[in-house]
Amino acid sequence: MKRLDEIEWDAFSRLPIEDKKPYLERKEGDGLPFHTLFAQQFDRGALERLCALASRIRFINKSREGALYLKSILAHKRAMLYFSQPSSRTFLSHLAACQILGMTTGSVRDAATSSEFKGESHEDSIRTFSSYFDMIIMRSPVQGLAEKMAWELSNSFRPVPILNAGSGKDQHPTQALLDIYTLVRSFEEKGGIDGRTVVFCGDLMRGRTVRSLSWLLTDFRDVKQIFVAPRELQVSADVVMNLAKKGVDFEVTDDLRAAVRTADAVYMTRIQDEWDSAKGESAKIDTSRFKFGAEELSLLGPDGVIMHPLPRRDEIATCCDRDPRAKYWRQMRNGMWIRAALIAATFGYEKEIMDCGY
Ligand code: NCD
């Protein structure tokens with residue numbers, strides 16, 4: 001068992017991601033995370049356990065008695081939601097997940113309302129939150145910040161867990177968990193995720209959800225990944241290199257219609273123009289062929305699924321919304337269940353919930 005308080009920050013930050021994983025696990029050694037920072041932390045066993053726990057929580061919550069039981073699980077814990085980047089679903093689904101488990105919560109949604117505005121460092125802000133709360137759920141535009149904060153806290157008197165709710169252009173591990181949970185549920189009675197073809201389309205270079213989900217899909221057998229984007233926004237080299245290293249079948253293309261014909265799942269994303277280095281940069285790129293509409297819907301197989309992390313702009317036409325293959329609404333709600341599962345597991349309540357009589 002490796003401990004995050006036994007390694008210096010410089011040495012830890014330089015480790016390859018796979019080697020960081022053991023430092024982030026619960027000290028009880030049950031294979032589940034204490035800090036959730038990267039998609040690469042989750043192996044197939046952990047994914048299956050979290051999905052099973054999410055389904056269990058979803059079921060228990062249906063009855064009043066069950067819902068009240070769940071509310072007792074973490075009634076003695078408090079969570080801080082620290083979101084210094086815009087968010088609707090990720091913020092609200094984490095909040096709802098905390099509420100399902102009976103946690104009380106506090107939030108900062110704008111650094112301008114916290115003492116960071118007075119010049120306080122991120123480190124000092126996080127230590128402040130950890131003085132009052134038992135978990136910090138954070139979203140930040142700064143790549144790697146959640147990781148640094150996790151190290152800081154593990155080396156403080158109050159080592160509370162960090163959940164990364166989106167860091168820079170890099171990682172969005174809890175989104176990848178809910179995307180996997182959505183795929184698991186969509187293919188539950190149809191043979192599962194193994195052997196499927198997943199098509200990613202849109203801004204694959206700057207979309208952190210695509211990066212995190214691509215990593216997680218490599219935990220499954222024979223999943224082909226197809227990346228459809230304009231040349232300027234194609235998936236980055238580290239994602240491609242990871243797939244090549246693992247011997248995963250993948251394709252990089254700009255032909256959405258051809259890809260949809262072979263797809264089991266199509267994962268659409270918006271253009272992430274908030275990262276433009278010059279104003280209007282993205283608007284100059286021709287994205288007209290990277291939208292999913294009635295024509296694409298007619299090419300998708302009867303068991304195919306359409307996903308989107310949301311928010312969407314016009315990359316999925318609203319005429320697709322009522323089609324049973326459109327899973328993006330359900331995907332959004334799945335986020336609440338899998339985040340409740342992750343939070344419960346982080347505090348060591350997996351077994352108790354799985355074995356309870358509800
Ligand atoms: C995504 C994000 O913030 O990365 N949204 C989300 O968390 N559901 C995707 C996006 O903003 O396009």
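**Student:** How should the site of the ligand be read in this particular structure?
**Tutor:** Lining the immediate surroundings of the ligand are Thr90, Arg139, His172, Gln175, Arg208, Thr209, Arg270, Gln272, Pro309, Leu310 and Pro311. Contacts to the ligand include Arg139, whose side-chain N or O atom sits 2.9 Å from an oxygen atom. At 2.8 Å, a side-chain N or O of Arg270 approaches an oxygen atom of the ligand. Coverage of the ligand by the protein chains reaches 93% of its 320 Å² of free accessible surface. Each of domain 1 (4-172 + 334-354) and domain 2 (175-328) accounts for three or more of the residues forming the shell around the ligand.

**Student:** Explain the nonpolar core here, please?
**Tutor:** In summary, soluble globular proteins display a tendency toward joint burial of nonpolar side chains. The biggest cluster of nonpolar side chains holds 71 residues, and the ones touching the most others in it are Ile57, Ile137, Ile180, Phe200, Leu217, Ile343 and Ile353. The biggest single contributor to this core is helix α13 (residues 328-346), with 9 residues. Counting the residues that make up this core, at least three belong to each of domain 1 (4-172 + 334-354) and domain 2 (175-328). If we ignore the near neighbours within four places in the chain, the residues touching Ile57 are Leu70, Ile100, Trp337, Ala340, Ala341 and Ile353. Tyr23, Val108, Ile136 and Met149 belong to the second largest nonpolar core, which has 24 residues in total.

**Student:** Where do I start with the packing of aromatic side chains in this structure?
**Tutor:** What characterises a pair of aromatic rings is the spacing of the ring centres plus the angle enclosed by the ring planes. Under the definition given, this model contains 9 aromatic pairs. Between Trp9 and Phe12, the ring centres sit 6.1 Å apart and the planes meet at 50°, which makes this aromatic pair tilted. On the criterion of helical spacing, the pair formed by Trp9 and Phe12 is a turn pair, its members being 3 residues apart in helix α1 (residues 9-14). Comparing Trp9 with Phe12, the two get one shared label, buried.

**Student:** Would you mind showing me how to read the domain arrangement of the protein chain here?
**Tutor:** Interfaces are frequently sized by the accessible area removed from exposure as the parts join. Split into domains, the protein chain comes out as domain 1 (4-172 + 334-354) and domain 2 (175-328). When each unit is reduced to the centre of its C-alpha atoms, the spacing between domain 1 and domain 2 is 26 Å. Contact with domain 1, which involves 30 residues of that partner, is made by 26 residues of domain 2. Summing both sides of the interface, domain 1 and domain 2 together bury roughly 2500 Å²; the carbon and sulfur share of this comes to 55%. Looking at the side of domain 1 facing domain 2, the largest losses of area belong to Arg44, Lys169 and His172, adding up to 29% of the total buried there. Inspection of the region where domain 1 meets domain 2 yields 2 salt bridges. As a salt-bridge pair, Asp170 and Arg211 come within 3.3 Å of each other at their nearest N and O atoms. Looking at the side of domain 1 that touches domain 2, the elements with two or more residues in it are α3 (44-60), β3 (135-140), β4 (162-167) and α13. Ranked by the residues each element gives to the side of domain 1 that touches domain 2, the list is headed by α3, at 7 residues. Broken down by class, the residue content of the side of domain 1 that touches domain 2 amounts to 10 nonpolar, 11 polar and 9 charged.

**Student:** Explain the packing of α3 against α13 here, please?
**Tutor:** Packing of α3 against α13 leaves a shortest axis separation of 8 Å and a crossing angle of 110°. With respect to their mutual orientation, α3 and α13 come out roughly perpendicular. In this structure, the crossing between α3 and α13 has a hand that is right-handed. Between α3 and α13, the contacting residues are Leu50, Cys51, Leu53, Ala54, Ile57 and Arg58 on the first element and Trp337, Ile338, Ala340, Ala341, Leu342 and Ala345 on the second. Here the contact of α3 with α13 is composed, by residue class, of 11 nonpolar, no polar and 1 charged.

Rules used in this analysis
Residues numbered from 1 in each chain as written. Predicted model: local features only at pLDDT ≥ 70, side-chain atom pairs only at ≥ 80, totals over all residues. Heavy atoms only, no water. Near = heavy atom within 4 Å. Polar contact = N/O pair within 3.5 Å; in protein donor to acceptor, adjacent residues only side chain to side chain. Areas by Shrake-Rupley, 256 points an atom, 1.4 Å probe, with all protein chains shown as cover. Domains from an automatic or database assignment. Core = buried A, V, L, I, M, F, W, Y, C linked by side-chain atoms within 4.5 Å. Buried < 20%, exposed > 50% of the residue type's maximum accessible area, 1.4 Å probe, protein only. Helix = DSSP H or I, 4+ residues; strand = E, 2+ residues; numbered from the N terminus. Contact = heavy atoms within 4.5 Å. Phe/Tyr/Trp six-rings, centres within 6.5 Å; stacked < 30°, edge-to-face > 60°. Buried area = accessible area lost by both parts, 1.4 Å probe. Salt bridge = Lys/Arg side-chain N within 4 Å of Asp/Glu carboxyl O. Nonpolar A, V, L, I, M, F, W, Y, C, P; charged D, E, K, R; others polar. Axes fitted to C-alpha atoms, helices over the stretch in contact; angles between N-to-C directions. Parallel < 35°, antiparallel > 145°, perpendicular 65-115°, else oblique. Left-handed = near helix turned anticlockwise from the far one by under 90°.

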